Amino acid sequence: AHFDPEREVLGAGAYETVLDDARCGGREIEGELTAARRVAVSRVTFPERGTGPSHDASIVIDLAHSQPDVNVEAGQLRILPASREVEGSVHFRGGYSNRFGGMTVYFVMRFDRPFSGHGTWAPPASEGGSGTLFDAETERSAPDGGAFLRFDVDDDREVRVAVAISYLDAARARMNLEAEAADVDFVRLRGALEATWERLLSQVEVEARRERDLSIFYTALYHSFFMPTLATEADGHYRGIDGMEHEADGFTYYTDFSLWDTYRTMHPLVALLQPETQRDFVRSLVAMGQQRGTYPRWPLGTGETNGMLGDPAVIVIADSYLRGITDFDVRAAYDVALASADFDAPGARGSMESYLRLGYASLEAGSPAASKTLEFAYADHAVGVLDRKSVV
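The structure reproduced in this document is the subject of the present report.

### Observations concerning helix 3 (residues 211–224)
The terminal C-alpha atoms of helix 3, which comprises 14 residues, lie 20 Å apart, in line with the 20 Å expected from a rise of 1.5 Å per residue. Leu221, Tyr222 and Ser224 are the residues of helix 3 that are buried. Buried residues in helix 3, looked at end-on, bunch into an arc of 160°, giving them a common side. Those residues of helix 3 hidden inside the fold are in contact with strand 1 (9–11), helix 2 (186–201) and helix 5 (266–273).

Structural data, given as structure tokens:
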């Protein structure tokens, strides 16, 4: 549907836009989005009902919808009219997640009112053809197509829906929804999220010569809290990068660490502003290392991409320790780090044969040799820090 970017409103805690597609009969549909930690909540305000099917108040679920260069390989959903829910999952591969076979994400959607009608749909069999509607059907299993839901908006034109996700299963997605947004209360969640952002951004007070400099600083600070990503379900369990279910005992598990990009800058910042969160990051990395035998370089979702170079996880861990974040198993962290530093472990640094034999990563072992040598040397120093701290 068409929308005017000039009418988009993006704030810390909510997003708003207006759809003005001709298929809406020339009238506007307002869309808003906010979130809790594991649940997003949308509020859609439909125009006053007109006549004809083009004016139905409907919401369409598209299983194949994805970011560019992401391929949805499998999907399934089930409509549950009695509980006003839709549950399902999608398995997708992107440029990075394709390196470990892609990921499966489970979801449960709960609406704030009953459906006046529902069904599934299939896309056209060929370009230019027409798709097919299956009125009143409740299940679809395919990498494309989806569901449609109709609503009576004569008395209340706002339709609200909470969407919870999980890496483990639909039952855990529903558990997350119950824990955070069972009432599908958009206003409550938006207020809570705005208050959270206010608390996070108010940790730092700066003076600047220009308003623009303040905008740049606080926007960068805002962005610094986007990743790593919470991946612990409401019951404390998570799917590790080994693909298995684990329990986060005494910490919160995170994933999506672009470590080579962040060990110099973002992680030291988080260690200063939110040491308890940085402790959880460190414990998450140690857990990943224990699950796979060596530290990951770029863990994404439920797998390891082996992106970038060096051994940045051990640098993050050692740097955190030196900044006073010591509440983790330092010996276990050192043991995992040593597995990468002592030999050319599969899925670890790479080019270690020449580095251990010559003292540098040779060009014959693969480019970029100079960068690898510098990164390995820095990581070796971090291993030494953990070695000394583990025996104190």
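### Regarding the nonpolar core
If you look at the biggest cluster of nonpolar residues, it comprises 66 residues, and the most contacted ones within it are Val86, Phe111, Tyr295, Val314 and Ile317. Counting 12 residues, the second-largest nonpolar core is a separate cluster that includes Val39, Val108, Leu177 and Phe186.

### Structural notes on helix 10 (residues 369–390)
Under the 1.5 Å per step criterion, the end-to-end length of helix 10 is 31 Å for 22 residues, consistent within 8% with the ideal 32 Å. Among the residues of helix 10, those classed as buried are Ala369, Lys372, Thr373, Glu375, Phe376, Ala379, Ala382, Val383, Val385, Leu386 and Ser390. Elements that come into contact with the buried residues of helix 10 comprise helix 4 (259–262), helix 7 (312–322), helix 8 (330–341) and helix 9 (352–358).

### Some words on the sheet that holds strand 4 (residues 39–45)
Taken in spatial order, the 9 strands make up an open sheet running 1-2-3-4-13-8-7-6-11, and their pairing is antiparallel. One side of each edge strand has no neighbouring strand; the edge strands of this open sheet are strand 1 and strand 11 (139–141). Geometrically, the sheet is characterised by an average inter-axis angle of 15° between neighbouring strands, direction not taken into account. Sheet topology places strand 6 (residues 71–80) next to strand 7 (residues 85–93); 9 bridges connect them, and they run antiparallel. Among the inter-strand pairings, leucine 80 is bridged to a residue of strand 7, identified as glutamate 85.

### Brief notes about the pattern of salt bridges
Any two side chains of opposite charge can pair, on the condition that their charged atoms come close. Across all of its chains, the model carries 33 salt bridges by this definition. The partner of glutamate 28 in a salt bridge is arginine 7, and the shortest N-O contact between them spans 2.6 Å. Placement of glutamate 28 in the loop between strand 2 (14–19) and strand 3 (29–35) and of arginine 7 in the segment before strand 1 is noted, with a sequence separation of 21 residues between them. Several salt bridges share partner residues, and in doing so they unite Arg78, Glu85, Glu87, Arg110, Arg174 and Glu178 into one network.

### Focus: the sheet that holds strand 9 (residues 117–122)
Strand order in this open sheet of 4 strands is 5-12-9-10, and the pairing throughout is antiparallel. The open sheet has two free edges, formed respectively by strand 5 (57–62) and strand 10 (132–135), since each of these has just one partner strand. In this sheet, adjacent strand axes meet at a mean angle of 25° when their direction is disregarded. Direction of pairing for strand 9 relative to strand 10: antiparallel, over a ladder of 4 bridges. Bridging from a neighbouring strand, glycine 119 pairs with aspartate 135 of strand 10.

### Digging into unusual backbone geometry
Most of the time, phi is negative for any residue but glycine, and the peptide bond is trans. Looking along the chain, the bond that leaves methionine 227 and enters proline 228 is cis, with omega of -5°. Secondary-structure assignment places proline 228 in the loop between helix 3 and strand 14 (229–230). Notably, arginine 84 is not glycine yet its phi reads approximately 60°, a positive angle. Structurally, arginine 84 is set in the loop between strand 6 and strand 7. Of the residues examined, arginine 84 reaches a relative accessible area of 28% and is grouped as partly exposed.

Cut-off values and rules
- Residues numbered from 1 in each chain as written.
- Predicted model: local features only at pLDDT ≥ 70, side-chain atom pairs only at ≥ 80, totals over all residues.
- Heavy atoms only, no water.
- Helix = DSSP H or I, 4+ residues; strand = E, 2+ residues; numbered from the N terminus.
- Expected span 1.5 Å × (residues − 1).
- Buried < 20%, exposed > 50% of the residue type's maximum accessible area, 1.4 Å probe, protein only.
- Arc of directions from axis to C-beta.
- Contact = heavy atoms within 4.5 Å.
- Core = buried A, V, L, I, M, F, W, Y, C linked by side-chain atoms within 4.5 Å.
- Pairing = 2+ DSSP bridges.
- Axes fitted to C-alpha atoms, helices over the stretch in contact; angles between N-to-C directions.
- Salt bridge = Lys/Arg side-chain N within 4 Å of Asp/Glu carboxyl O.

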